[in-house]
Structures are given as C-alpha cells and as structure tokens.
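# Structural characterization, general
Chain by chain, the residues:
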Amino acid sequence: MATAAIFSSLRRRRSPSLEAFLSPVDLSGLPLVQTLAAISTEIISSFSGTRFSFQRRNARSLIRKIEIFLVLFESLAESRWGSTPSSSSTALLCLKELYLLLYRSKILLDYCAHSSKLWLLLQTQSISGYFHDLNQEISTLLDVFPVNDLNLSDDVREQIELLQSQSRRSRLYIDSNDESLRRTFYSFLDGFENGEIPNSIALRSFFVEKLGIKDSKSCGNEIEFLEEQIANHDGDVEPTGSVINGFVAITRYCRFLLFGFEEEWRIKNNNPNKKSKRDGDGFITVPKDFVCPISLDLMSDPVIISTGQTYDRTSIARWIEEGHCTCPKTGQMLMDSRIVPNRALKNLIVQWCAASGVSYESEFVTDSSTNEGFVSGLPTKAAVEANKATVSILIEYLADGSEAAQTVAAREIRLLAKTGKENREFIAEAGAIPHLRRLLKSEDAVAQENSVTAMLNLSIYEKNKSRIMEEEDCLEAIVSVLVSGLTVEAQENAAATLFSLSAVHEYKKRIAMADQCVEALASLLQNGTPRGKKDAVTALYNLSTHPENCSRMIEGGGVSSLVGALKNEGVAEEAAGALALLVRQSLGAEAIGKEESAVTGLMGMMRCGTPRGKENAVAALLELCRRGGAAVAERVLRAPAIAGVLQTLLFTGTKRARRKAASLARVFQRREHAAMRAGGYGFVGDVNGNRDGGNFTTDVSVPMSISISVPVL
C-alpha cells in the first residue's frame, strides 16, 4: 500500500505526505542514525546488482549517492553521534529529512526495477523528472547540512563535499536510447492510426530484442499493467487513457503475432474465469465485504451509488437499467443514477486475490454506454485498427487451430467484445460467429464457456443480433448450452444471451418456440444461482411481451416458475412484470389463477415490493379479476388486508400503480353492491356496518370515496 501511495504522489509531481511512509516518530540521535544506515544498506543490497531496463544512469547515480550517505551514517554511528545533549538540532532535522528522501528513493528504484517495461518507456520523461527532483532535494539538503558540526573524518567530509558539489551541477537527464525507443513505440501507434500495420520484423526487433519481452506471458503482464493504468488514470497524466488503450491494442496484437499460442497448455487445463479455486482440501472463502450484494459474486469493478452502498458495476448498472429507483440493499430511493468507482476496495480485492492465488478478471460483459470512465477508455483509430489485426489472427486460429488454440482464441475474442461497439462490430464482420457457434458444442468446458460468453458480448451490438439469429443452428446451440451446459456460468450466460437477443420483437416467438428453451429458463429461475435467476427472469420477461408466446410460457412451465419467483426478492419485480403481461390474455389469466400461490405472492409484492414491483403486482391482480373468472376474482377480493394495501398504494404508489389501484378499488365497490343486492355480505365495511366511512375500523375496510375520487392518470 505504501508503494502505491508514494508513487501515486510522484506521478502527480507533488511531494508525498508523511502518512505515506513509516515516519520516524520520536526517533532521534543514535537510533535514527542506525535506522538510516539500515535503510541505505537495504537499498544498496537490493538494487546495486539490478539490471535496470530503463533509467540506468539515473538509477546508478542515485545508488552511488546513497552509498556515500551510508559512509556518513556509519561514521556517525561509530562516533556515537546523538548520545550527548550537545548534538546539533540542525543536523537532526536534516537526518530526519534524509529518512524521507531515502524512502522515496527506495520506492522509485523499486518501481523502475519491477514495473512494466512499456509503462516505464512511456513515462521516460516523467520518471527522469522524478530522479531530477530527488537530486535537487538532496542538493538543497546538503547545502544546509552542518558537516563541520559532526566531527567527521577528513575522508568522510571530502566525500560529502564532493557529493554536494556534484548535486549542485546535476541536470535533468533523459537517456537518448530510452527516448528513441519511446518514439519508436509511438511510431507504431501512428502507423495503425494511418491504417498501416508495422511489419513483423520491426515489431519483433522492438519487443523481443530491445525490450526483452520474449514470451506470451510477459506480453500478457505488460497488457494487464497498462490496462490498470487506464483504470486508475488521472486527467493530468500523460499519455491519455485513449492513447494508452491504443498501446494496449498494439501489444495484444504483437502477443499473438510474435508468440502465437504458446500458453495453450495453461489455458487448456486452467479455467481463468473462476473466482475461486481449491486451496489444499477446501475452497477459499471470499470475504463478505468483497461480495456484490446483488450477484453474490466477487466484485470485479466495485462502484458506490448515491446511498453509499457498494455493488459490482455490471450488477448495479443492470439494476438501474431495468427501471429500479431504489438501493437494492437498503431500499432507499436513489438521489441519482451516478456510480463512482470504489478504487480503495478494488485495490483491496486485487491484493486479496494475489495473496489467495485467485484469478482476478472482470468477467461479465460491460456495455460501454453505461460505464463512464471504465477500463476501455475512448477507442482511437489506432486501437481499432490494431484490434482488427488481432481479430484476424484469432479468427485463423478459431478456424484451423488446435483445440487448445481455439479455446484461447475464444477467450481473447470474448475479452475484446466486452467493451466498445466498434470491437463487437468488426469481430462479427470478421466471421467469428460461425466459429463460436461450433465451439458451443465443444466438450471442453472452458471452450464452451468462453464461446457462449463471447456470443453474449457480441449480441449487445444491435446488428449482431440478426447475425447470430441468422446463423444456421446458432440459436439451437445457445439453447443447448442453456439446457445442458458444462458449467453453471455457461448456462447463465446462455440465458443472458437469449435475453439480449429477445430485445428484438420479431425474434421473441422464435426463441420461445425453440425446443426446451422455456423449460430450461424456468428451471434456471427455480434452481439457479442468484445471477442465474436474474438472467432467467429477464429472458422470460422479454418473451412474455410477445402475445403469441403465452401458450408456450404455460406449457413450458414459465408461468409456474414466475409465480414461484414472487417469493424471491432479487427477481420478484421482474416476475410480477412478466405475469402482468401474461395475465392480459384469458389463457394466461386462467393459468395464473390456477396457481395456488399467485394471489398471495402478488399481494406480498404489493405490500413490500419496490415501486415498480408494486405497480406490476396491482396490474396483475386487476387483470386477474377481469379475465380470470369469478372464482379467481373472489380469491383476489377476499385476500387478507387487501383494502389497507390498496389505500396505501392509492397515496404512495407510482402514477400507474395509483391508476390500477383505483380501478381495483372500483371492482371492490361493484362486487360489494352486487352482494348487497343479493342480500349477502359485502367485502367492505366497518364493524358498525357503515359503507362509506372515511376511517378504517378493520383490516378489510376501505373508503369507497377514496377509490372513486382518485383521478385516472
């Protein structure tokens, strides 16, 4: 954490605060000198033999300065400096300042020794500036350092004075070789920007021979680091996020062009999408604070909403897009729909994953239109052209590669299709869909999961929906994964793909009529994970909007599963919405009326649901009374406490909910008047037999004046 905090401040060209270090509280005299000597020794031993890829001269110069300081500290320690009250206060202040300078030097050297080569190259000028800043501060400190008050030997004094003289003369140094490589990297970017793909010889010379990036794994690490810089990018740091995105695309292209699929065996035998894996004899338990309250999965991109609660970006974005206006966890109304990255929590999750050996990858599809400032950044022409070149290579491996190579290619296409309509468009245009469709039938679980997730990501782009639906047997293959996918994630993503495809009205009937489709969605809604249930209920909702799908929803068990889902808070709102659509047809109303728990479930939604859920529930109950027959209407009108619930809804519901509640109240009134004429007992009244009183005296009383006076909105 200290490294991140310190270098973050260095990137901003501001001095880091003391809180970023282990500040020497109450440390003075001999203990301070011994601590400084220990830190200097650690820096020298750690970095004197290090082969720096960049900033070699600046790093060596800084290490030599620290070696001279070590001589000073050892001399002071031998003379027991600070053990007497006569020790110089100026010297003490200078030594404490040296403590901070040494720690900053350690962090900078460590960053140059172990950071991404490409990032160091892009930051050549800035990092050279950081070294120069340290040199300037060392020079300033030496100017006020009381050398004559410390009783130093002539040899030590001469070394300090020489260091002082050298520091005064130091100038900003930018290595010409580093700068030349940086310009070469930018020339590749310019080439892609102009539609010219650099030749493989030049790329190999740059990446392999000059940078020493010699395998696919090293190249992948470079990509991950650059993507992290985009995610944590500050507006005042160069290069911009979109430019870095272009460099990421170029590096990804070179990864497959230069190194092919040499990591096939690792991908083949290790599913990178799992959020946990075996540790000894048991599974790793994910800390509760790292789990999204909606999906119950490890958060890959935690964000904060207006209520202060944190959710995974994908989950809360879908929640808001579906029309919810409350916080899923607290039920509070959202002041606005803005979401803010929770970077502190994300850093903790990344650290926990690294410590636990868990792969950290943002798995689910992310629509760029709903995620401002997400990792993708704004695509430049260079990024688009480089990604196109990468896709061409991946398609070749999908078509003719080994089984393991096809799995890797499907994974990479899946990742490329996660963000940006440009990526989704040209991936489909390059011919990926037929090959992905074939992999849907693969007996390899990883290949199948990557292919169906890639299909899901591609389907977000509107034009790709028709490409997928028009591909022969593609819909049937997706449904097959939903029915009998090799992993739970594959089944869930198949359901999400069907939801995405069913956004087009003319596809809804065809999807519903696909063999076992509704049955599988109903089963997933009943027995799936929380995320799986969400995918299933949204797909069933979309299918329910087509009037010709009603009988298929009944036959396939969709109605029964939707009624059962009313008890599940996470999917009850969508389930009530689907039932409100199906009940508009007499066939649907009859089927829903036969479900014993339908009325009870809808009443529960009216009492405790979200505003949209209450609206859907009262609409469904109203249609049940109108179309479900006398017996069903009787059950609705005799439901316990329905009058009180209606009264509350008349005053607090949405416009549509109030309108539906008013209509249902009129049904009460007509039913009551009919019962009175027949000499029976009405459903509404107080213990004194008053029919129009303004106050309730029992749970089933409702003032008819309220229901009648509510305007139709």
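Everything numeric here is computed off the predicted structure, so don't read it as measured data. (Residues numbered from 1 in each chain as written. Predicted model: local features only at pLDDT ≥ 70, side-chain atom pairs only at ≥ 80, totals over all residues. Heavy atoms only, no water.)

## Quick notes on the overall build of the protein chain
- The helix and strand inventory of the protein chain stands at 35 helices and five strands.
- Per-residue burial over the protein chain gives 54% buried out of 713 residues.
- Taking contacts inside the protein chain between residues at least 6 apart in sequence as the whole, the part at least 24 apart equals 72%.
- Carbon and sulfur atoms form 49% of the exposed surface of the protein chain, whose accessible area is close to 31400 Å². (Helix = DSSP H or I, 4+ residues; strand = E, 2+ residues; numbered from the N terminus. Buried < 20%, exposed > 50% of the residue type's maximum accessible area, 1.4 Å probe, protein only. Contact = heavy atoms within 4.5 Å. Areas by Shrake-Rupley, 256 points an atom, 1.4 Å probe, with all protein chains shown as cover.)

## Considering unusual backbone geometry
- Phi at Q55 takes a positive value of approximately 60°, unusual for a residue other than glycine.
- Secondary-structure assignment places Q55 in the loop between helix 2 (29-47) and helix 3 (56-78).
- Positive phi values are uncommon outside glycine, yet D473 reaches one of about 65°.
- Considering the arrangement of structural elements, one finds D473 in the loop between helix 20 (462-470) and helix 21 (474-484).

## Section: the sheet that holds strand 4 (residues 310-312)
- Ordered in space as 4-3-5, the three strands form an open sheet in which the pairing is antiparallel. On the outer flanks of this sheet lie strand 4 and strand 5 (340-341), each paired with one strand and no other.
- Relative to strand 4, strand 3 (residues 302-304) runs antiparallel, the two being bridged by three bridges. Bridge assignment links I304 to a residue of strand 4, and that residue is T310.
- Its contacts with the sheet place helix 13 (residues 313-321) against strand 3, strand 4 and strand 5, and it is angled at close to 95° to strand 4. (Pairing = 2+ DSSP bridges. Axes fitted to C-alpha atoms, helices over the stretch in contact; angles between N-to-C directions.)

## A closer look at the environment of A619
- The residue A619 is located in helix 31 (residues 611-627) in this model.
- A residue is classified by how much of its surface remains accessible, and A619, at 5% relative accessible area, is buried.
- Separated by 38 residues in the primary sequence, A619 and A657 place their C-alpha atoms 7.3 Å from one another.
- Setting aside residues up to four positions removed in sequence, A619 forms contacts with A580, R656 and K660.

## Comments concerning the packing of aromatic side chains
- Counted by the stated rule, this structure contains nine aromatic pairs.
- Centre to centre, the rings of Y99 and Y103 are 5.3 Å apart; their planes meet at 50°, and the pair counts as tilted. Here the residue Y99 and the residue Y103 both occupy positions in helix 4 (residues 89-114), the gap between them amounting to four residues, near one helical turn. Of the two residues examined, Y99 and Y103, each falls in the buried class.
- Aromatic pair Y186 and F247: ring centres 5.0 Å apart, planes at 85°, arrangement edge-to-face. (Phe/Tyr/Trp six-rings, centres within 6.5 Å; stacked < 30°, edge-to-face > 60°.)

## Concerning the pattern of salt bridges
- Inspection of the entire model under this criterion finds 21 salt bridges.
- Two residues, R313 and D301, come together in a salt bridge whose shortest N-O distance is 2.6 Å. With R313 in helix 13 and D301 in the loop between strand 2 (282-283) and strand 3, the pair connects residues that are twelve residues apart, well separated along the chain.
- Classification of R313 as buried rests on a relative accessible area of 4%.
- Using a relative accessible area of 7% as the deciding quantity, one classes D301 as buried.
- Between R467 and E429 there is a salt bridge, and its shortest N-O distance comes to 3.8 Å. (Salt bridge = Lys/Arg side-chain N within 4 Å of Asp/Glu carboxyl O.)

## Here's the deal with helix 8 (residues 176-193)
- The first and last C-alpha atoms of helix 8 sit 25 Å apart over 18 residues, in line with the 26 Å expected at 1.5 Å per residue.
- Taken as a whole, helix 8 has its buried residues at D178, E179, L181, R182, F185, F188, L189, G191 and F192.
- Along its buried surface, helix 8 packs onto helix 3, helix 5 (117-122), helix 6 (124-144), helix 9 (200-210), helix 11 (241-259) and helix 15 (381-400).
- A side-chain oxygen of the first residue of helix 8 lies 2.7 Å from the backbone nitrogen of N177; this N-cap is D175.
- Phi turns positive one or two residues past the end of helix 8, at G195, with a value near 80°. (Expected span 1.5 Å × (residues − 1). Polar contact = N/O pair within 3.5 Å; in protein donor to acceptor, adjacent residues only side chain to side chain.)

## A short note on the packing of helix 19 (residues 445-459) against helix 22 (residues 488-501)
- It is the contact of helix 19 with helix 22, at a shortest axis distance of 9 Å, that shows an interaxial angle of 20°. If you check the angle between helix 19 and helix 22, you find them roughly parallel. Handedness of the crossing formed by helix 19 with helix 22: left-handed. Mapping the contact onto sequence places Q448, E449, V452, T453, M455, L456 and S459 in helix 19 and E489, A490, N493, A494, A496, T497, S500 and L501 in helix 22.
- The residue inventory of the contact of helix 19 with helix 22, partitioned by class, reads seven nonpolar, six polar and two charged. (Parallel < 35°, antiparallel > 145°, perpendicular 65-115°, else oblique. Left-handed = near helix turned anticlockwise from the far one by under 90°. Nonpolar A, V, L, I, M, F, W, Y, C, P; charged D, E, K, R; others polar.)

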